[in-house]
Amino acid sequence: MATINSSYLKLKAGYLFPEIARRVNTFATNNPDAPIIRLGIGDVTEPLPLACRQAMIKAVEDMGSHESFKGYGPEQGYSWLREKIARHDFEARGCAIEADEIFVSDGSKCDTGNILDIFGNDNTIAVTDPVYPVYVDTNVMAGHTGETNDRGEYGGLVYLPITAENNFTAQIPFEKVDLIYLCFPNNPTGATATREHLAAWVDYARSHGSIIFFDAAYEAFITDPSLPHSIYEIEGARECALEFRSFSKNAGFTGTRCALTVVPKSLKGKAADGSEVSLHSLWNRRQSTKFNGVSYIVQRGAEAVYSEEGQAEVRELVEFYLENATIIRERLTAAGLAVYGGVNAPYVWVKTPHGLSSWDFFDKLLHTCNVVGTPGSGFGAAGEGYFRISAFNSRDNVNEAMRRITEKFKV
Ligand code: MLT
C-alpha cells in the first residue's frame with residue numbers, strides 16, 4: 001500500500017471554514033425555515049465591477065477569433081497586467097517594485113501555502129496568535145511542526161500573541177526566527193500596523209537574516225493616510241520581505257480568482273553550502289513548473305480594476321463594506337460589547353459576552369439569532385473568548401443581524 005504524508009494526520013479536525021460550514025449546514029437541515037445570515041467567512045456579496053465584467057466579455061470574444069485567440073499565457077502573468085500593478089499599487093506609493101518582480105496567481109491563500117516549496121525544512125517559523133489558519137496548516141502539512149499541545153499549539157512554531165493589551169500588534173521576538181508571517185490590515189482582528197511598527201519588523205528581519213511574508217490582502221480597506229499599504233513603503237523591505245495581494249476583497253474576485261505575489265530580485269535565501277540564492281529565481285522556477293498562469297479572461301478582468309471606471313467602482317465597493325463594518329462596530333458597542341478592528345479593515349473582532357467561549361458563542365448566535373460568525377479560537381489559542389464578524393454582506397443583512405444580536409446579547 002502506498003504511504004501517505006503523515007504530517008496531515010497532525011492537523012486539527014477540519015480547516016476552520018469548512019468546519020463552520022458543516023455546523024451551519026447541519027443546523028439548516030434541521031431548521032429549514034431559519035433565516036440564516038452568514039457573517040462568517042470573509043466572502044464578498046456585491047457584484048463584480050462593470051468595468052471588470054465588460055473587460056472579461058471582450059476577452060471571451062478575443063478567444064473567438066484566430067487573430068486574438070490565446071493559448072498558454074506566461075506562467076508569471078501577462079506583462080500588461082504586471083505593468084499596471086507595478087505602476088498603480090507600488091510606484092504610486094513610492095515603492096521600488098518592478099513589473100517582473102510581480103507574479104500573478106489564482107489566489108493569496110494558495111500562494112501563502114505554496115511559497116513554502118522554495119524554503120528549507122529547518123527554518124524557525126513565527127506566526128501571530130490569533131492568525132489566518134492557512135499559515136499554520138500549510139506548515140503542518142509541509143512537516144515543519146510537531147504535534148499540538150493542550151492549547152492546540154503546534155510544537156516547533158513560535159507564537160506571537162496579539163491581544164488588546166498590545167493593540168493587536170505582535171511584540172518583536174527576542175529569539176531568532178527565520179520566517180515571519182504578518183498580515184495587515186489583520187485577519188482576523190482587523191488591527192492595522194503603523195509605519196513604525198513595520199519598520200521595527202524590517203529592522204529585525206534584516207539584522208537576523210529573516211524573511212517576512214507580508215499578507216496585504218486587505219490593504220484596499222485602509223483609509224487612514226498615515227498607514228502603509230505595502231511593506232515596501234518601509235526602507236530595506238526589498239531585502240527581507242515578500243508580499244501577497246489579492247483582487248478578492250477589493251474587486252470582489254473571490255469566485256473569479258486573481259491575486260499576486262511580489263518577490264523582489266534583491267531577496268536572498270541560504271543554500272546548504274552557505275551560498276546565497278535568489279528567491280525570485282526559485283519562485284519563478286517553481287511557478288513555471290507547477291503553475292500555468294491565470295486565465296487570459298480573468299487577467300483582462302483584473303486589468304480593468306486599474307481603469308478609471310474600475311478604480312471608481314472598487315472604491316465604492318470598499319466604502320460599502322467599510323460602512324457595514326462601522327454599523328457592526330457601532331451597534332455592538334452600543335449594546336455594551338467590547339469591539340476592536342472594523343476601521344481600515346473589513347473584520348470586527350468582538351469580546352464574547354458573559355465569559356462565553358468562542359464556540360459556545362458561535363452556537364448560541366446560530367441557534368438563537370440564526371447569525372453565523374467565526375469563533376476566535378479557530379484562529380489560535382489567544383483568540384479564545386473572541387469572535388470575528390465579517391462586514392462582507394448586504395446592508396439589509398448586516399442591519400438585520402445586528403438587530404437580532406443586540407436584542408439577545410445586551411451586556
Ligand atoms: C476569511 O474569512 O478569513 C477569508 O475569507 C479567508 C480567505 O480569504 O481565504
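Everything numeric here is computed off the predicted structure, so don't read it as measured data.

Q: Can you break down the state of the cysteines residue by residue, with the values?
A: Two cysteines joined by a covalent bond between their sulfur atoms form a disulfide. Inspection of the entire model under this criterion finds zero disulfides. No disulfide involves Cys 52; its nearest neighbouring cysteine sulfur is the one of Cys 258, lying 10 Å away. The exposure class of Cys 52 is buried, given its relative accessible area of 0%.

Q: Can you explain the sheet that holds strand E8 (residues 259-262)? Please cite residues and give values.
A: With respect to topology, seven strands assemble into an open sheet ordered E2-E8-E7-E6-E5-E3-E4, the strand pairing being mixed. Each end of this open sheet is capped by a strand with a single partner; those strands are strand E2 (102-105) and strand E4 (157-161). With direction set aside, neighbouring strand axes in the sheet form an average angle of 20 degrees. Judged from the two bridges that link them, strand E3 (residues 125-129) and strand E5 (residues 179-183) form a sheet pairing that is parallel. Opposite Ile 125, over in E5, you have Leu 179 as the bridge partner. Contacts between helix H8 (residues 279-290) and the sheet are confined to E2, strand E6 (211-215) and E8, with E2 contributing the most and set at about 25 degrees to the helix.

Q: Go over the domain arrangement of the protein chain with me, naming the residues and quoting the values.
A: The domain boundaries assigned to the protein chain delineate domain 1 (11-47 + 309-408) and domain 2 (52-307). Every contact between the two is made by 34 residues of domain 1 and, on the other side, 42 residues of domain 2. Taking both partners together, domain 1 and domain 2 bury about 3,100 Å²; carbon and sulfur atoms supply 62% of that area. Remark: the boundary between domain 1 and domain 2 carries zero salt bridges.

Q: Run through the site of the ligand, naming residues and quoting values.
A: Around the ligand, the neighbouring residues are Phe 17, Ile 41, Gly 42, Lys 109, Tyr 132, Asn 187, Tyr 218, Lys 249, Tyr 347 and Arg 388. One nitrogen or oxygen atom from the side chain of Tyr 132 is found 2.5 Å from an oxygen atom belonging to the ligand. At 2.9 Å, a side-chain N or O of Lys 249 approaches an oxygen atom of the ligand. Compared with its free state, where it exposes 270 Å², the ligand has 85% of that area covered by protein. Here the shell around the ligand is composed, by residue class, of five nonpolar, two polar and three charged. Of the residues that make up the shell around the ligand, three or more belong to each of domain 1 (11-47 + 309-408) and domain 2 (52-307).

Q: Describe the nonpolar core, naming the residues involved and giving the relevant values.
A: What tends to happen in soluble globular proteins is that the nonpolar side chains get buried as a cluster. Ranked by internal contacts, the top residues of the largest apolar core, which has 132 residues, are Ile 212, Phe 213, Tyr 232 and Met 402. Residue contributions to this core peak at eight residues, all from helix H10 (residues 308-334). Residue contributions to this core reach at least three from each of two domains, namely domain 1 (11-47 + 309-408) and domain 2 (52-307). Those residues in contact with Ile 212, other than ones at most four positions away along the chain, are Ile 180, Leu 182, Trp 201, Val 202, Ala 205, Ile 231, Cys 240, Ala 241 and Leu 242.

Q: Account for the packing of helix H1 (residues 16-30) against helix H11 (residues 358-369), naming residues and giving values.
A: For the pair H1 and H11, interaxial distance at closest approach is 11 Å and the crossing angle is 35 degrees. Crossing of H1 over H11 shows right-handed handedness. Contacts between H1 and H11 involve Leu 16, Glu 19, Ile 20, Arg 23, Val 24 and Phe 27 from the former and Trp 359, Phe 362, Asp 363, Leu 366 and His 367 from the latter. When grouped by side-chain class, the residues that make up the contact of H1 with H11 number seven nonpolar, one polar and three charged.

Q: Now, about unusual backbone geometry: what can you tell me, with residues and values included?
A: Pro 130 follows Asp 129 through a cis peptide bond whose omega is 5 degrees. Relative to the helices and strands, Pro 130 is located in the loop between E3 and helix H5 (133-141). Residues Phe 184 and Pro 185 are joined by a peptide bond in cis, for which omega reads -15 degrees. Tracing the chain through its elements places Pro 185 in the loop between E5 and helix H6 (195-208). One non-glycine residue with positive phi stands out, namely Arg 257, at about 75 degrees. With respect to the element layout, Arg 257 can be found in the loop between helix H7 (248-251) and E8.

Reading guide: rules and limits
- Residues numbered from 1 in each chain as written.
- Predicted model: local features only at pLDDT ≥ 70, side-chain atom pairs only at ≥ 80, totals over all residues.
- Heavy atoms only, no water.
- Disulfide = S-S within 2.5 Å.
- Buried < 20%, exposed > 50% of the residue type's maximum accessible area, 1.4 Å probe, protein only.
- Pairing = 2+ DSSP bridges.
- Helix = DSSP H or I, 4+ residues; strand = E, 2+ residues; numbered from the N terminus.
- Axes fitted to C-alpha atoms, helices over the stretch in contact; angles between N-to-C directions.
- Contact = heavy atoms within 4.5 Å.
- Domains from an automatic or database assignment.
- Buried area = accessible area lost by both parts, 1.4 Å probe.
- Salt bridge = Lys/Arg side-chain N within 4 Å of Asp/Glu carboxyl O.
- Near = heavy atom within 4 Å.
- Polar contact = N/O pair within 3.5 Å; in protein donor to acceptor, adjacent residues only side chain to side chain.
- Areas by Shrake-Rupley, 256 points an atom, 1.4 Å probe, with all protein chains shown as cover.
- Nonpolar A, V, L, I, M, F, W, Y, C, P; charged D, E, K, R; others polar.
- Core = buried A, V, L, I, M, F, W, Y, C linked by side-chain atoms within 4.5 Å.
- Left-handed = near helix turned anticlockwise from the far one by under 90°.

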